[in-house]
Amino acid sequence: MKRTININGKKLDVSSPIVMGILNVTPDSFSDGGKYIHTDDAVHKAIKMIDEGASIIDIGGYSSRPGAKNISEDEELDRVIPLVERLSQETDIPISIDTFRSRVADESIKVGASIINDISAGSDDVNMIPTVARHKVPFIAMHKQGKPSIMQDNPNYFDVLQEVYSYLEDVIHKCRSAGIEDVIVDPGFGFGKTTTHNYKLLNHLNEFKSLNVPLLIGVSRKSMIYKTLGITVQDALNGSTFLHAFSLNNGANILRVHDVKEAVECVRLFDQIKKY
Ligand code: PT1
């Protein structure tokens, strides 16, 4: 597997797993909605995550959790661009942008973002893959079934493992043909998947290693944890930590998380185990 991702000419090493901190600038995100709408607050939160050991900050201006409301492209740009500008001036952390809109990707990269995280893997906007290729930035391609507004209504697969695997394999080919060098894949936990589908994917995570690209996992505080445990999203940190540790042992290279400190502890202990 390729073990480095090229970011502005610098190589980001994922041979030891890394942590991506989530920074939502949406009023309605599922676990931290509304907390970081003001750029100052968002910059503070980012700096805290950097201090705690985050290797990437993932900025999202459009909530894609199940049932979240649609916002316009201009609104998404208004939320994201000022923050990317500030963060890239004040820190040198690699900034990833969680968007399925090529214009948001393009404008963000122009002001300092260096990774695009697309929950639609280029399928919602035909210009996305060409835009990412033109800027020569890494692309996170996630699997989902259906649009976020309706994706949890009736998730349905003949064989979830096989379908997610072939989808990602296909996307890797498309990206490579378009000239994207660094593709990172993500099975898309909670995106058009029942709890059973999610846990099946997790139990067989290591099978995705044969795609030969870095593997990103986003399970932090998701309903697959708190529904299974009969708890609330606020109490889902311990469950998240367990799933992060499990994912690391099954081949995850990047953990996309809300709680950076605890995830970095998982990675450090995992690295320690793997030394011997
Ligand atoms: C993810 C992800 C993402 N998740 C990537 N980007 C979200 N690459 C946003 C629930 O069931 O996993 N990978 N961007 C957030 N989406 C969800 C989905 C949040 C489901 C919550 C749930 O609780």
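1. Things to note about the overall build of the protein chain
Across its full length, the protein chain carries 9 helices and 10 strands. Computed over C-alpha atoms, the radius of gyration of the protein chain comes to 17 Å, within 12% of the 19 Å expected from 2.2 N^0.38 for 276 residues, which places it in the range of a compact globule. A principal-axis box enclosing the C-alpha atoms of the protein chain has dimensions of 45 × 40 × 40 Å. Summarising the internal contacts of the protein chain: among those between residues at least 6 apart in sequence, 69% fall at separations of at least 24. For the protein chain, the accessible area works out to roughly 12300 Å², and carbon and sulfur atoms hold 50% of it. For the protein chain, the distance from the average site of its 31 positive side-chain charges to the average site of its 36 negative ones is 3 Å.

2. A word on the packing of helix H5 (residues 160–178) against helix H6 (residues 195–203)
For the pair H5 and H6, the least separation of the axes is 9 Å and the interaxial angle reads 70°. Relative to H6, H5 is oriented roughly perpendicular. Between H5 and H6 the crossing geometry is right-handed. Touching Val 160, Leu 161 and Val 164 of H5 are His 197, Lys 200 and Leu 201, all from H6. Grouping the amino acids of the contact of H5 with H6 by side-chain chemistry returns 4 nonpolar, 1 polar and 1 charged.

3. Details of the site of the ligand
Not every one of the 17 residues close to the ligand is listed here, only the nearest: Asp 98, Asn 117, Asp 186, Lys 222 and Ser 223. Between the ligand and Asp 98, the relevant distance is 2.8 Å, taken from a nitrogen atom to a side-chain nitrogen or oxygen of the residue. Side-chain polar atom of Asp 186 to a nitrogen atom of the ligand: 2.5 Å apart, as the coordinates give it. Class assignment for the residues of the shell around the ligand results in 7 nonpolar, 5 polar and 5 charged.

4. Description of the environment of Pro 66
The topology assignment puts Pro 66 in the loop between strand S4 (56–60) and helix H2 (73–90). Distance in space between the C-alpha atoms of Pro 66 and Val 183 is 25 Å, their sequence separation being 117 residues. Those residues in contact with Pro 66 that sit more than four places away from it in its chain are Pro 148, Met 151, Gln 152 and Gly 190.

5. Overview of the sheet that holds strand S9 (residues 216–217)
Sheet strands line up and pair through hydrogen bonds in the backbone, either parallel or antiparallel. Spatially, 8 strands are ordered S8-S7-S6-S5-S4-S3-S10-S9 in an open sheet, and the strand pairing comes out parallel. Two strands lie at the open edges of the sheet, namely strand S8 (183–186) and S9, each paired on one side alone. Relative to strand S5 (residues 95–98), S4 runs parallel, the two being bridged by 4 bridges. Across the sheet, Ile 59 pairs through a bridge with Ile 97, a residue of S5.

6. Focus: unusual backbone geometry
Located in the positive-phi region is Ala 121, a residue other than glycine, with phi close to 55°. Structurally, Ala 121 can be placed in the loop between strand S6 (115–118) and helix H4 (128–135). Residue class for Ala 121 comes out buried when judged on its relative accessible area of 5%.

7. A few points about the side chain of Asn 250
Along the chain, the position of Asn 250 falls in the loop between helix H8 (237–249) and strand S10 (254–257). A polar contact is formed between the side chain of Asn 250 and the backbone oxygen of Phe 246, at a distance of 2.7 Å. Contacts of Asn 250, omitting those with residues within four sequence positions, involve Leu 205 and Asn 206.

8. Details of H4
Within the span of H4, buried status applies to Met 128, Ile 129, Thr 131, Val 132 and Ala 133. Elements in contact with the buried residues of H4: helix H3 (102–110), S6, strand S7 (139–142) and H5.

9. So, the side chain of Ser 64
Assignment of secondary structure puts Ser 64 in the loop between S4 and H2. Beyond its immediate stretch of four places on either side in the chain, Ser 64 contacts Ile 119, Pro 148, Met 151 and Phe 191.

10. Structural notes on the packing of H2 against H3
Interaxial distance between H2 and H3 falls to 10 Å at its minimum, and their mutual angle equals 20°. By the angle between their axes, H2 is roughly parallel relative to H3. Remark: the crossing between H2 and H3 carries right-handed chirality. For the pair H2 and H3, the contacting residues are Glu 73, Asp 74, Glu 76, Leu 77, Val 80, Ile 81 and Val 84 in the first and Arg 103, Val 104, Glu 107 and Ser 108 in the second. Of the residues assigned to the contact of H2 with H3, the class counts are 5 nonpolar, 1 polar and 5 charged.

What counts as what
Residues numbered from 1 in each chain as written. Predicted model: local features only at pLDDT ≥ 70, side-chain atom pairs only at ≥ 80, totals over all residues. Heavy atoms only, no water. Helix = DSSP H or I, 4+ residues; strand = E, 2+ residues; numbered from the N terminus. Rg over C-alpha atoms; globule rule 2.2 N^0.38 Å. Contact = heavy atoms within 4.5 Å. Areas by Shrake-Rupley, 256 points an atom, 1.4 Å probe, with all protein chains shown as cover. Lys, Arg positive; Asp, Glu negative; His and termini not counted. Charge placed at Lys NZ, Arg CZ, Asp CG, Glu CD. Axes fitted to C-alpha atoms, helices over the stretch in contact; angles between N-to-C directions. Parallel < 35°, antiparallel > 145°, perpendicular 65-115°, else oblique. Left-handed = near helix turned anticlockwise from the far one by under 90°. Nonpolar A, V, L, I, M, F, W, Y, C, P; charged D, E, K, R; others polar. Near = heavy atom within 4 Å. Polar contact = N/O pair within 3.5 Å; in protein donor to acceptor, adjacent residues only side chain to side chain. Pairing = 2+ DSSP bridges. Buried < 20%, exposed > 50% of the residue type's maximum accessible area, 1.4 Å probe, protein only.

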